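Residue strings, one per chain:
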Amino acid sequence: MLLIGTSGLGVAEGPVETLARFACVGAAFCYACGSIATRQCPPINELALSTGSLILAAVFLLPIALLIEGLPKLPSLPGLLAIGYLGLVSTALAFIIKVALIRSAGPSFMTLTNYQVPVWSVLAGSLFLGETLPATLFVALALILLGVAIIQAGVLRHIFSRGQPPKV
């Protein structure tokens, strides 16, 4: 909440901003649940699990997208190539890597990487778009790094006392 803030909810961009902020919190919750479910899933091929997950997501989201946005216009060739790249590389390949990481390193590791996404997003916005850095960014960054340090200290303590990391 430090990065997305609570002051001015719905004021700067209207009521849609409030929904967007709550969607960020909901997405974080869903990522955590998805990582745990992925780790608990029976041992099957990562490609099959990734494919099934993405197909299931498309089945649920396609009717909602059509209801809200309607039928899309046919894109140009560069648009089709961009859609293909985003679907195959940025989504499918990234999801396969994510499943493999969760299966090998666990959902805790994946959570540690996800904690950093908002911070890097805000920093990229500042660097590439000239956005001002909010003061709360540094407080949020300190809390994130403190949480990562606490979690890693526990993992390291466990490794040195028993010889292997805990299974999450």
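Heads up: these notes are all about the structure in this document. In every chain, residue numbers begin from 1 and rise along the written sequence. In keeping with the predicted nature of the model, local features appear solely for residues at pLDDT of at least 70, side-chain atom pairs appear and are counted solely at 80 or more, and the whole-chain, interface and lining totals rest on all residues. For side-chain calculations, the full set of non-hydrogen atoms in the structure is used, while hydrogens and water are omitted.

### Description of the side chain of Ser50
Using the following cut-off: Each helix corresponds to a stretch of at least 4 residues labelled H or I by DSSP, and each strand to a stretch of at least 2 residues labelled E; elements are numbered beginning at the N terminus. Burial classification: accessible surface area is computed with a 1.4 Å probe over protein chains only, and a residue below 20% of its type maximum counts as buried, one above 50% as exposed, and the rest as partly exposed. Two residues qualify as a contact provided that any one of their heavy atoms is within 4.5 Å of a heavy atom in the partner residue.
Residue position: Ser50 is located in helix 2 (residues 46–69). Residue classification places Ser50 among the buried positions, given a relative accessible area of 2%. If near-sequence neighbours (up to four positions away) are discounted, Ser50 is found in contact with Phe95, Ile96 and Val99.

### Regarding helix 2
This is how the line gets drawn: Multiplying one less than the number of residues by 1.5 Å gives the expected span of a helix. For the purposes of these results, a polar contact is taken to be a pair of N or O atoms within 3.5 Å, where, inside protein, one atom must be able to donate a hydrogen and its partner to accept one; residues adjacent in sequence count only when each atom of the pair is a side-chain atom.
With 24 residues, helix 2 should reach 34 Å at 1.5 Å per residue; the first-to-last C-alpha distance of 32 Å fits that figure. Of the residues that open helix 2, the one with a side-chain oxygen 2.6 Å from the backbone nitrogen of Leu47 is Asn45.

### Quick word on helix 3 (residues 77–105)
The condition that has to hold: Note on bend: the value at a residue is the angle between axes fitted to the seven residues ending there and to the seven starting there.
An ideal rise of 1.5 Å per residue puts 42 Å on 29 residues; helix 3 measures up with 39 Å between its terminal C-alpha atoms. Considering bend angle alone, the principal kink of helix 3 is centred on Leu86 and spans about 30°. All of the buried residues along helix 3 are Lys98, Val99, Ile102 and Arg103. Along its buried surface, helix 3 packs onto helix 1 (15–40), helix 2 and helix 4 (107–129). Gly106 sits one or two positions beyond helix 3 and adopts a positive phi of about 100°.

### Remarks on a nonpolar patch on the surface
Under the convention used in this document: Put simply, a patch holds well-exposed residues, over 30% relative accessible area, that have no salt bridge, with like charges counted together within 9 Å and Val, Leu, Ile, Met, Phe, Trp or Tyr side chains within 5 Å. Computed with the Shrake-Rupley method and a 1.4 Å probe, the accessible areas treat only the protein chains shown as cover for residues. The working definition used for a salt bridge is a side-chain nitrogen of Lys or Arg within 4 Å of a carboxyl oxygen of Asp or Glu.
A contiguous nonpolar surface patch, about 740 Å² in accessible area, is contributed by Tyr85, Leu86, Leu88, Val89, Leu93, Ile97, Leu101 and Phe109. Top element by residues in the nonpolar patch is helix 3. It accounts for 7 residues. The residue Leu88 is located in helix 3 in this model. For Leu88, a relative accessible area of 62% translates into the label exposed.

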